[in-house]
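Listed below, chain by chain, are the residues.
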Amino acid sequence: MLQLTPKQVQQTAVYAQRLGENLPPSSAERMLDIMQSIRCLQLDPIRAVERTQFTVLWSRLGSYDRQWLNQLTHKERHLFEYWAHAASIVLCEDYQIHQYMMNKYATDSKRKITQWVAKNQNFKNYVLAELDQKGERLTQEFEDIADVPWGSSGWTNDRSLPYMLDYLWTKGEIWVSNRDGLKRWWHLAEEVRPDHVVTDLLDPDEVTLRAAELSLRALGIGRVRDINNHFTRKRYPKLKQLVPRLVENGTFVEAQVNGWKDEPWYIHKDFVAFVNNPEANGWHPRTTLLSPFDNLICDRDRTELIWDFYYRIEIYVPEKKRQYGYYVLPILHGEKLIGRVDSRMDRKTGVYTVNAVYAEPNAPDSEAVGLDVHEALVEFGRFLGAERLKYGRKKPTGWRPALQSQRIKI
């Protein structure tokens, strides 16, 4: 059993997420390679700074062409949109894993939406017939002809069409065939799904064995609960019973973390050499910004345990009650989470405004670290298309000399 320090756990987690390596020139091929490591890319519509799918890739690629993601997803079709730990872009090569949810969702008669669809067979058949006869369609090109409207209170009231499309998408009958920002086109899955996708059904044990291996590969190191909360979140039948098989075949290596609660940790076999000698195995610490929904920190409990970093998004918190800000980006410095940035991008004026920069209590307070943070903000501003970076008054004392407004040369 490996004996690890918290620092080794942090480095392994960061490196497994492709956040602790040199940045060669970006390319669509490298983007796909990163997707094959992290396995899923959460989608989020909020663009106070940038949509999370683009920020997550920027943290790992540096500046790149956003059209590459559309190319890989909707033209070359290496990727497709589906549920992972949230609505995400996932790999077509993992289709059989995701098919488990498609089939389970379709047969779950206890779900309210399944019962509702049963009362709206004409509506469902209409949507499928429209796609069959007319090809891909925008959401707004469908009529809402529900026999029984989706009745609810608040924001879900009168949303029959979005709920029907979501049902058919989750069931795997339709795909998002194209996307432009928040605009989505739909088509029958059989018309869009590439021929190389394997659709043979896996038994639940095989689904778990495959998905758990990929989950830990993306995490680098974790406990059973971490594996269960990552990638295909909470969709691992008999996970606890099957983990020993992954240990026996050498895929998972058991570990203990010095000073932490005595519970089983597992490191993926691909990172055993790394954890013993990071520098000889590609470790190159960097300073970058993370999306609030970055795969490294999407499991808030794991993030708090490993980095002692408490993070909650405050979008829905009244402004006066927010601790840090509306849309806050954590700062990764090497293997540490050292602070957070409250910022906003104004695309009309070309100004990337950093309202406040906060340092964690144990963060290094030197001007050199402040300069690393500043350079990361400049690079991010350049990626956003900003012409100017503007700082607010809230800055850590030691970092303050480096955090000065300047023109960003594009």
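Reference entry: report on the structure contained in this document. (Residues numbered from 1 in each chain as written. Predicted model: local features only at pLDDT ≥ 70, side-chain atom pairs only at ≥ 80, totals over all residues. Heavy atoms only, no water.)

1. Focus: the sheet that holds strand 2 (residues 40–42)
Stage number 1. Taking strand neighbours across the sheet as the criterion, the three strands line up as 2-4-3 in an open arrangement whose pairing is antiparallel. The sheet is open, and its two borders are formed by strand 2 and strand 3 (79–83), each paired with just one other strand. Along the sheet, successive strands turn relative to each other by an average axial angle of 30 degrees, direction set aside.
Stage number 2. As paired strands, strand 3 and strand 4 (residues 87–91) are joined by five bridges and run antiparallel to one another. Within strand 4, the position partnered with leucine 79 by the bridge is leucine 91. (Pairing = 2+ DSSP bridges. Helix = DSSP H or I, 4+ residues; strand = E, 2+ residues; numbered from the N terminus. Axes fitted to C-alpha atoms, helices over the stretch in contact; angles between N-to-C directions.)

2. Let's talk about the pairing of strand 15 (residues 388–394)
Stage number 1. Bridge analysis of strand 14 (residues 351–359) against strand 15 gives five bridges, and the strand direction is parallel. The partner of alanine 356 across the bridge, within strand 15, is lysine 394.
Stage number 2. At this point the chain moves from strand 14, through helix 15 (residues 367–384), to the parallel strand 15, and the crossover so formed is right-handed. (Right-handed = clockwise from strand over helix to strand, strands pointing away.)

3. Re the sheet that holds strand 10 (residues 265–268)
Stage number 1. Taking strand neighbours across the sheet as the criterion, the four strands line up as 1-9-10-8 in an open arrangement whose pairing is mixed. Of all the strands in the sheet, the pair left with one neighbour each is strand 1 (2–4) and strand 8 (221–222).
Stage number 2. In this structure, strand 9 (residues 252–257) lies alongside strand 10, joined through four bridges in antiparallel fashion. In the strand pairing of strand 10, phenylalanine 252 is matched with histidine 268.
Stage number 3. Of the strands in this sheet, strand 1, strand 8, strand 9 and strand 10 are in contact with helix 1 (residues 6–16), which crosses strand 1 at around 95 degrees. (Contact = heavy atoms within 4.5 Å.)

4. Description of helix 12 (residues 239–248)
Stage number 1. For helix 12, the full list of buried residues reads Leu239, Leu242, Val243 and Leu246. Taken down its axis, helix 12 places every buried residue within 120 degrees of arc, on the same side. Relative to its buried face, helix 12 has exposed residues pointing more than 90 degrees away, namely Lys240, Gln241 and Glu248.
Stage number 2. Where helix 12 is buried, its residues contact helix 10 (204–219), helix 11 (224–228), strand 9 and strand 10.
Stage number 3. After helix 12 finishes, the residue glycine 250 shows a positive phi value of roughly 85 degrees. (Buried < 20%, exposed > 50% of the residue type's maximum accessible area, 1.4 Å probe, protein only. Arc of directions from axis to C-beta.)

5. As for the packing of helix 3 (residues 52–61) against helix 15
Stage number 1. In the contact formed by helix 3 and helix 15, the axes pass within 11 Å of each other and the chain directions differ by 130 degrees. If you check the angle between helix 3 and helix 15, you find them oblique. In the crossing of helix 3 with helix 15, the sense of the turn from one axis to the other is right-handed. Residues Phe54, Thr55 and Trp58 of helix 3 pack against Ala376, Glu379, Phe380 and Phe383 of helix 15. (Parallel < 35°, antiparallel > 145°, perpendicular 65-115°, else oblique. Left-handed = near helix turned anticlockwise from the far one by under 90°.)

6. Section: the nonpolar core
Where a protein is soluble and globular, its nonpolar side chains tend to be buried together.
Stage number 1. Ranked by internal contacts, the top residues of the largest apolar core, which has 53 residues, are Trp116, Val127 and Ile174.
Stage number 2. Among the elements that take part in this core, helix 8 (residues 160–170) stands out by supplying seven residues, more than any other.
Stage number 3. In this view, valine 127 contacts Phe142, Met164, Leu165 and Leu168; residues no more than four positions away in its chain are not counted.
Stage number 4. Membership of the second largest hydrophobic core comes to 48 residues, among which are Ile38, Ile89, Val373 and Leu389. (Core = buried A, V, L, I, M, F, W, Y, C linked by side-chain atoms within 4.5 Å.)

7. Overview of the side chain of aspartate 94
Stage number 1. Looking at where aspartate 94 falls in the secondary structure, it is placed in the loop between strand 4 and helix 5 (95–107).
Stage number 2. Residue contacts for aspartate 94: discarding those within four places in its chain leaves Arg39, Leu214 and Phe231.

8. Comments concerning the layout of surface pockets
Stage number 1. Looking at the largest pocket, its volume works out to about 630 Å³.
Stage number 2. What lines the largest pocket is a set of 23 residues, and nearest its centre among them are Arg159, Pro162, Asp166, Arg179 and Arg184.
Stage number 3. Looking at the lining of the largest pocket, the elements with two or more residues in it are strand 3, helix 8 and strand 7 (183–188).
Stage number 4. Of the residues in the lining of the largest pocket, the class split is 11 nonpolar, four polar and eight charged.
Stage number 5. The computed volume of the second largest pocket comes to approximately 340 Å³.
Stage number 6. Among the elements of the structure, helix 3, helix 4 (67–75) and strand 6 (174–180) are those that each provide at least two residues to the lining of the second largest pocket. (1 Å grid on protein atoms, 1.4 Å probe; cavity = no way out; pocket = protein on both sides within 12 Å on 5 of 7 lines; lining within 4 Å. Points joined across faces, edges and corners; volume = space filled by probe spheres on them. Nonpolar A, V, L, I, M, F, W, Y, C, P; charged D, E, K, R; others polar.)

9. Details of the packing of helix 2 (residues 28–38) against helix 3
Stage number 1. Axis separation between helix 2 and helix 3 bottoms out at 11 Å; the angle between their running directions is 105 degrees. The angle between the axes of helix 2 and helix 3 places the two elements in the roughly perpendicular class. For the pair helix 2 and helix 3, contact is made by Arg30, Met31, Ile34 and Ile38 and by Val56, Leu57, Arg60 and Leu61, respectively.

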